[in-house]
Number of protein chains: 2
Amino acid sequence: MTEVVRWQPNSTPKRHTDMLAREEPLEIRVDTRPVSVTMRTPGHDEELAVGFLLTEGLLRHREDILEIDPYPRNRENNVLNVFLSQDVKVNFARLTRHVFASSSCGLCGKATIEAVHQHFKPVHSKRTIESGTVLQLPGRMRRQQEAFERSGGLHAAAVFDSKGTLVVLREDVGRHNAADKVIGYGFLQSQLPFDAHILMVSGRASFEIMQKALAARIPVVCAVSAPSSLAVDFARASGQTLVGFLRGESFNVYSHPERITQEKAKAS
Amino acid sequence: MTEVVRWQPNSTPKRHTDMLAREEPLEIRVDTRPVSVTMRTPGHDEELAVGFLLTEGLLRHREDILEIDPYPRNRENNVLNVFLSQDVKVNFARLTRHVFASSSCGLCGKATIEAVHQHFKPVHSKRTIESGTVLQLPGRMRRQQEAFERSGGLHAAAVFDSKGTLVVLREDVGRHNAADKVIGYGFLQSQLPFDAHILMVSGRASFEIMQKALAARIPVVCAVSAPSSLAVDFARASGQTLVGFLRGESFNVYSHPERITQEKAKAS
């Protein structure tokens, strides 16, 4: 809770208290070596760390992780140590954000997509989703988002199965973090691959969101807002169905529309 | 332009064409050495590179830059070389995103704020802003945002003077990039410090937005949506006025409300 001064029409400014979305740094260490600092909303930090390492191409199997511990000398719980099996070879130089972009020679969108595909192959799921199911996702996500109602400052990511049943929802001040958390949840619960699933995000769909979905083998990504050009190019090349502007009773399909099937009678 | 399939109520799905916000990687090099890859909307790349280097604490004066050139062997114009004066000492190890967070021992929000303040002192501007001026900013920003209307996928950042006159507006798929671009514009035009100015952002106010504003000495930051807890803590400690939920006829002031003055008759 924090104190704010509220200005409203035809009234003097008034002090009142307000909820804020929490933002704190999290340092992720692999075998005690720092690899990333991200600003995140505390909570589900193990999922965030594991989801980040998976979507950056470092982890493949649940057994790759021996242990996840808070760093003992940090009392704020903002440092996590991920200890890996000796079988995992870690290329620390690659472990930065946008590792795929920076590793591509002749830097451009196309080269970036190819760099990701060297690591994560395109998806080929034949599973279809009814249009009525797609339309229900934003409402189902919103009903789970209690924190959003209070502070208005959180992004959400959710995984649904192909019938629209919620598997997991996470919120964070950073939308990439929210995606890392739901994917990290799947990894820690040994539920990956999410290859008959839908990733739904509260905001826009960027290249990075699509790349993270591909790392978890997710064939369908839905966003409340617009996708970027590179998100669309990436989805087309990766076999992913990308839905944008999913609001109210309508949506746009930017790639692989064959996975969305018409449903005459919409269940509520 | 791209082809999309539009699903609407009581109608068969229809193909039509749609605008997309462009997203491409940009690699920033300092004296030919790669320091950052960011996903951005092409355009105003020199401003983005310079704004990034300034807000990360590397640049201080216009004369620090000798030259900015596209990397000759990259035909996509996605690599920029920034050549610095010999007087500038570059600590390449520090030049990563969230450099301030990662450099703080005992990682937490408070330590992160202190790390930034070792580099950028708090602001002490006595300039006040009329509440009527604050209320006009979102409309003025929106009228400049033509691209936003078409693609719906861009964040915007704008700098206004204390009377609400627009100095510069930039759009980008990344909101931190939009902030870097307006600050980079001020740097390249030798208009910094923006110490009697307002930074307005289209989305939420994060720690990183406040840090970038402080680097440019901006005393007032306004956001259409919510601030995070660390943005508010940072603003209070940095002498910055932070306005959030600036929409329609009302707004919240989260820190240093003394800079906002009541205005009885609102000019349109």
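Please read these numbers as outputs of a predicted model, since none were measured by experiment.

What counts as what
Residues numbered from 1 in each chain as written. Chains lettered and ligands numbered in written order. Predicted model: local features only at pLDDT ≥ 70, side-chain atom pairs only at ≥ 80, totals over all residues. Heavy atoms only, no water. Contact = heavy atoms within 4.5 Å. Buried area = accessible area lost by both parts, 1.4 Å probe. Salt bridge = Lys/Arg side-chain N within 4 Å of Asp/Glu carboxyl O. Nonpolar A, V, L, I, M, F, W, Y, C, P; charged D, E, K, R; others polar. Pairing = 2+ DSSP bridges. Helix = DSSP H or I, 4+ residues; strand = E, 2+ residues; numbered from the N terminus. Buried < 20%, exposed > 50% of the residue type's maximum accessible area, 1.4 Å probe, protein only. Phe/Tyr/Trp six-rings, centres within 6.5 Å; stacked < 30°, edge-to-face > 60°.

*Asks:* Please clarify how the interface of chain B and chain A should be interpreted in this entry.
*Replies:* Accessible area lost when the parts come together is the quantity often used to give the size of an interface. The interface is formed by 66 residues belonging to chain B together with 65 residues belonging to chain A. Surface buried jointly by chain B and chain A totals about 5,000 Å² across both partners, of which 56% is contributed by carbon and sulfur atoms. It is B:Trp7, B:Leu107 and B:Arg204 that lose the most area in chain B upon contact with chain A, and together they represent 16% of the buried surface on that side. If you look at where chain B meets chain A, you find zero salt bridges. Within the side of chain B that touches chain A, the residues separate by chemical class into 30 nonpolar, 24 polar and 12 charged. Inspection of the sheet shows strand β13 (residues 250-255) of chain A paired to strand β1 (residues 2-7) of chain B by three bridges, in the antiparallel sense. If you follow A:Asn252 over to β1(B), its bridge partner there is B:Arg6.

*Asks:* Got a minute to help me understand the environment of B:Val221 in this structure?
*Replies:* All names here are of chain B. Looking at the secondary structure, you find Val 221 in strand β11 (residues 220-223). With relative accessibility at 0%, the residue Val 221 sits in the buried group. Expressed as a C-alpha distance, the spacing of Val 221 and Arg 142, which sit 79 residues apart in the sequence, is 17 Å. In contact with Val 221, other than residues within four places in its own chain, are Leu 199, Ile 209, Met 210, Ala 213, Thr 241, Leu 242 and Val 243.

*Asks:* Mind showing me how you'd approach the pairing of strand β4 (residues 33-40) of chain B here?
*Replies:* All names here are of chain B. Along β4, six of the eight residues are buried, which leaves the element largely enclosed by surrounding structure. Across seven bridges, the pairing between strand β3 (residues 24-30) and β4 is antiparallel. By the bridge assignment for β4, Glu 27 is matched with Val 37. Counting the residues that bridge the hairpin from β3 to β4 gives two residues, and of these Asp 31 lies at a positive phi of roughly 50 degrees.

*Asks:* Looking at this structure, I do not really get the packing of aromatic side chains. What am I missing?
*Replies:* One pair of aromatic rings is described through two measures. These are the centre distance and the angle between the planes. Applying the stated rule across the entire model yields four aromatic pairs over all chains. Summarising the aromatic geometry, the rings of A:Trp7 and B:Phe251 are spaced 5.4 Å apart at their centres and angled 20 degrees between planes, so their arrangement reads as stacked. Of the two residues, A:Trp7 is situated in strand β1 (residues 2-7) and B:Phe251 in strand β13 (residues 250-255); the pairing between them involves two chains. Assigned by exposure class, A:Trp7 and B:Phe251 land together as buried.

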